[in-house]
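Each chain is listed here by its residues.
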Amino acid sequence: MNKLLRRLVAGGFSLALLLLCGVGTVSYLSIQRLTEEKRWVFHTHQVIEDLDHLRIGLSNAEGARSSYILTKNTVYREIYQDEKQNVYQLLKVIRQQTSDNPSQQGRLDTLEPLIAQNFSVLEQSIDLVGQESLDKSTQIAIANRSIEISEQLQAMHNEEKTLLQQRIAVTDRLFGQVLIVVGLAYALSFLLLIVVYLLLQKQIRLNKALSQEAIRLEQQAAKAKLADILETITDAFVALDRNSCYTYVNQRAAQIFNRQPADLIGKNIWEVFPEAVEHQFYHSYFHALGEQRVIQMQEYYSPFDGWFEYSMYPSPEGISIFFQDITRQKLAEIALEKSERRYRSLVVATSQAIWITNANGEVVEDIPFWRTLTGQSEEEVKGWGWLDAIHPEDRERTSQVWIQALESKGIYQVEHRVQVADGSYRFFAVCAVPVLDANDEIQEWVGADTDITEQQAALRDRNLAQLALQQANQELEIKVQARTAELQKLNEELKCSNQELEQFAYVASHDLQEPLRAVAGYSQLLENEYQDRLDEYAQEYFAYIIDGAKRMQELIQDLLVYSRVGTRGQEFALVDCNVALSLALSNLHIAIAQSKAIITHDPLPKVLADKTQMVQLFQNLISNAIKFCRQEPPQIHIGALLRTAGEPEEKLLTNSSLLTQHSEWLIWVQDNGIGIKSQYLERIFEVFRRLHTRREFPGTGIGLAICKKIVERHGGNIWAESELGLGTIFYLTLNAN
């Protein structure tokens, strides 16, 4: 590239970068301004939303006052007080939000006394609830105040709507300006880059030609270097193309074939060695090519009267094969296998018994060597029955040594007398090795009993027995290592399986809801569209379809909540159970009002927990008590006491200063409902476990299972005590430290 071209490219790049920097600066400032305008739009939306909430709060307060006058139920009076407090809080929020708007502040100055007067009149009407009817002037005052308040709220709402439209217009105008500026700048930058690109194309073509030549030279050098390497390795190597024709044969392969490499290049392998078609090598060769995977194998090749080990590496161009003569190694393995068979025969001939027990020393699987040695039946050996074959004088010492090995997790070694099948006692040397899992816990014991009776008579026999014992120990260690590796692999597979099951439950719970929504929605549309054409039975069937879809959706949602308890929980923090209970009661206020439930509670503690799950726990238990009530209104009480973990309720702590690491809070939810039979108290915490039909009580049967999973996640326990017809108490424990 000449100097002029280089300067043009550098200048073009520099100009494009400067232009992009300028565009970035202008875009940043414009976006900052646009963001500020967006914030004011959001602020106006928030004011409008709070005004709507204020109107709803006033309406809810009047509705609660009317419900109280009609029903005399104190619950509605409490709702009225809550709504009144909410209205005043909203007034404070709106005043803060409109602090920059004098006209809105003026309307608030007018609105607040009107709302105060309206609440005063409403409270007078509540105080006069005992009278047959309200004073007409009171009713007129309430109506007038409501009209004036509505007018003020509507005026504020209209002004905020006007502000919202103005701010949206400003935002749209700014957005258009940003698009125009950025678009023009980027278009100019793009043109500069195209010019630079065209200048570079000429040099790129030249560089490409030079690169291809360099690559060709490098490939030739690499092939020469690879050929030198393949000629120096001890393995035989051949390369074949897709047509199974030789493309390369090193000297080691030529020596094994007893041919010159030049005589094989270009020839088909199956024509040169037609007898190979009858061997496993032929099938493995085409499997490697067809599946494009590496295959390693060993095979006896009769034409060469030897064993060969093959490693096949397929590629799109063909296949490369490394192989070597392993005849000596294979003959050694065959000799070793014969030696092992002889050793097994020696074990049987010398009355050596191989056995396996569980972690505690109990026999749970059949050990035929031991039965053959002692004459015991399989049932007599099971458990600790094998001790019956030990001499009575040696049993206590055998048990003590066994206990020491359990505590130390070390090798168990002992010598004792064993009663063999003919009724006589013989001396045996016992050695057992513990099989440990990934957590260093004993899974089982693998051991061997070796007859050492003849060792006391002859030193030669003793040496032979010791050699057999040493070989047995080596075999045992190999088995232990294999079993340990297998257990570790199973543990990893179990962890992966648990993760996959949790992910499956979560995904399935989400994906299954979509077709259910479609079934319910289209069924309702079909029923509404063709209702006049359907007879009574068809309408009943549609009701069954819609109800079944809704129940399945509730079931999936509950299953999703259940699966998330352990996987989607928040980090533990200090949670005030009084606040969690208040949130749960707020979520259930409709059910509480409809059932006229009376709910009381003692002062509740602060615990280290997941706040969201604590709210869910109280909500499920209280909802359960409301649902399974008798004809009379439910009466529910929530209490809590401090106690020492594991102690009965009589030994409760009354002073929080006595708190220790073993202290726990006992919390209970007591109701006067229908009660539960004692035989079902354990089953109610199982998933999908229902004691009543859906016609009697709705639900999915997962609520109490979710409670149990939440409590167990917090390290506690949950149980129930109940008497049929008198009510139920649900107890749960939480760590107090």
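Residues numbered from 1 in each chain as written. Predicted model: local features only at pLDDT ≥ 70, side-chain atom pairs only at ≥ 80, totals over all residues. Heavy atoms only, no water.

This brings us to the pattern of salt bridges. Taken as a whole, this structure holds 12 salt bridges when the rule is applied. Here Lys330 ties to Glu333 by a salt bridge, and the two come within 3.5 Å at their closest N and O atoms. Placement of the pair is Lys330 and Glu333 together in helix H9 (residues 327-349), with a separation of three residues, close to one helical turn. Residue Glu333 is classed as partly exposed on the basis of its relative accessible area of 36%. (Salt bridge = Lys/Arg side-chain N within 4 Å of Asp/Glu carboxyl O. Helix = DSSP H or I, 4+ residues; strand = E, 2+ residues; numbered from the N terminus. Buried < 20%, exposed > 50% of the residue type's maximum accessible area, 1.4 Å probe, protein only.)

One simple way to see leftover space: roll a probe sized like a water molecule over the atoms. Taken as a whole and judged by the stated rule, the model has two cavities of 30 Å³ or more. Considered as a void within the structure, the largest cavity measures approximately 200 Å³ in volume. Considering the residues around the largest cavity, the lining is formed by 14 residues, among which Phe257, Ile269, Phe273, Phe281 and Tyr310 are closest to the centre. For the lining of the largest cavity, the secondary structure elements donating two or more residues are helix H7 (269-272), strand S4 (306-315) and strand S5 (318-325). For the lining of the largest cavity, the residue count by class is 14 nonpolar, no polar and no charged. Here the second largest cavity defines a volume of roughly 120 Å³. Along the walls of the second largest cavity sit Trp355, Thr357, Val363, Ile367, Trp370, Trp386, Ile390, Trp402, Tyr412, His416, Val430 and Asp449, which together make up its complete lining. Taken together, the elements giving at least two residues each to the lining of the second largest cavity come down to strand S6 (353-358) and strand S7 (412-419). Split by residue class, the lining of the second largest cavity holds nine nonpolar, two polar and one charged. (1 Å grid on protein atoms, 1.4 Å probe; cavity = no way out; pocket = protein on both sides within 12 Å on 5 of 7 lines; lining within 4 Å. Points joined across faces, edges and corners; volume = space filled by probe spheres on them. Nonpolar A, V, L, I, M, F, W, Y, C, P; charged D, E, K, R; others polar.)

Here we come to the packing of helix H18 (residues 611-627) against helix H19 (residues 703-713). When two helices pack together, their arrangement is captured by the angle between the axes and the distance separating the axes. In contact at an axis separation of 9 Å, H18 and H19 are set at 145 degrees when each is read in the N-to-C sense. Crossing of H18 against H19: the hand is left-handed. When H18 is examined against H19, the residues Gln613, Gln616, Leu617, Asn620, Leu621 and Asn624 are found in contact with a partner set consisting of Gly703, Leu704, Ile706, Cys707, Ile710, Val711 and Arg713. The residue makeup of the contact of H18 with H19, split by class, is seven nonpolar, five polar and one charged. (Axes fitted to C-alpha atoms, helices over the stretch in contact; angles between N-to-C directions. Left-handed = near helix turned anticlockwise from the far one by under 90°. Contact = heavy atoms within 4.5 Å.)

Moving on to unusual backbone geometry. Phi at Gln292 takes a positive value of approximately 50 degrees, unusual for a residue other than glycine. Turning to its location among the elements, Gln292 is positioned in the loop between helix H8 (280-291) and strand S3 (295-301). We note that Asp305 has phi near 50 degrees; this positive angle belongs to a residue other than glycine. Note that Asp305 resides in the loop between S3 and S4.

On to the nonpolar core, then. One broad trend across soluble globular proteins is that nonpolar side chains are buried collectively. Core analysis: the biggest nonpolar cluster contains 42 residues, and Met614, Leu617, Phe618, Leu621, Ile638 and Leu732 have the highest contact counts within it. Only helix H16 (577-587), strand S12 (606-609), H18, strand S13 (635-644), strand S15 (663-670), H19, strand S16 (718-723) and strand S17 (727-735) provide two or more residues apiece to this core. Per-element tally for this core: the top contributor is H18, with eight residues. Leu617 has contacts with Cys707, Ile710, Val711 and Leu732, leaving out every residue within four places of it along the chain. (Core = buried A, V, L, I, M, F, W, Y, C linked by side-chain atoms within 4.5 Å.)

If you trace the backbone, Cys245 turns up in the loop between strand S1 (236-241) and strand S2 (246-249). Sequence separation between Cys245 and Lys267 is 22 residues; the distance between their C-alpha atoms is 5.0 Å. Here Cys245 is in contact with Ala239, Leu240, Gly266, Lys267 and Asn268, once residues within four sequence places are set aside.

Glancing now at the side chain of His391. Here His391 lies in the loop between helix H11 (378-381) and helix H12 (392-408). The contact partners of His391, leaving out residues within four places of it in the chain, are Arg417 and Tyr425.

In this structure, the second largest pocket occupies an estimated 670 Å³ of space. Forming the boundary of the second largest pocket are 20 residues, of which Glu78, Ile79, Asp82, Leu585 and His589 lie nearest the centre. Looking at the lining of the second largest pocket, the elements with two or more residues in it are helix H2 (74-97), H16, helix H17 (589-595) and strand S11 (598-601). In terms of residue count, the dominant contributor to the lining of the second largest pocket is H2 (seven residues). Taken together, the residues that form the lining of the second largest pocket break down as eight nonpolar, eight polar and four charged.

This paragraph deals with the sheet that holds S3. Taken in spatial order, the five strands of this open sheet run S2-S1-S5-S4-S3, and their pairing is antiparallel. At either margin of the open sheet sits one strand with a lone partner, and together these are S2 and S3. Direction aside, neighbouring strands of the sheet carry axes that sit 20 degrees apart on average. Lying on the sheet, H8 is in contact with S1, S3, S4 and S5; it crosses S3 at an angle near 165 degrees. (Pairing = 2+ DSSP bridges.)

Here we take up the sheet that holds strand S8 (residues 425-436). Taken in spatial order, the four strands line up as S6-S9-S8-S7 in an open sheet, and their pairing is antiparallel. What marks the edges here is a single partner per strand, and that holds for S6 and S7. Strand-to-strand twist in this sheet, taken as the mean axis angle between neighbours without regard to direction, amounts to 30 degrees. With eight bridges joining them, S7 and S8 adopt antiparallel strand pairing.

Turning our attention to the packing of aromatic side chains. Overall, the coordinates contain 22 aromatic pairs when judged by the stated rule. Taken together, a centroid distance of 6.0 Å and an interplanar angle of 55 degrees make the contact between Trp270 and Phe281 tilted. Taken together, the residues Trp270 in helix H7 and Phe281 in helix H8 connect sequence positions 11 residues apart. Note on accessibility: Trp270 and Phe281 belong to one class, buried. Relative to Tyr412, the ring of Trp402 lies with its centre 4.8 Å away and its plane at 80 degrees, an arrangement referred to as edge-to-face. Of this pair, Trp402 sits in helix H12 while Tyr412 sits in strand S7; the two residues are 10 residues apart in sequence, bridging distant segments of the chain. The exposure class of Trp402 is buried, given its relative accessible area of 4%. For Tyr412, a relative accessible area of 2% puts it in the buried group. Grouping aromatic residues by their ring pairs yields a cluster made of Phe257, Trp270, Phe273, Phe281, Tyr282, Tyr285, Phe286, Tyr301, Phe304, Phe308, Tyr310 and Phe323. The cationic tip of Lys330 hangs over the ring face of Trp307; the distance from NZ or CZ to the ring centre is 4.9 Å. (Phe/Tyr/Trp six-rings, centres within 6.5 Å; stacked < 30°, edge-to-face > 60°. Lys NZ or Arg CZ within 6 Å of the ring centre and 35° of its normal.)

Turning next to a nonpolar patch on the surface. Together, Leu188, Leu191, Ile194, Tyr197 and Leu198 give the surface a local cluster of nonpolar side chains, amounting to about 490 Å² of exposed area. With respect to the helices, strands and loops of the structure, Leu188 is situated in helix H4 (residues 136-232). (Patch = residues over 30% accessible without salt bridge, like charges linked within 9 Å, V, L, I, M, F, W, Y side chains within 5 Å. Areas by Shrake-Rupley, 256 points an atom, 1.4 Å probe, with all protein chains shown as cover.)

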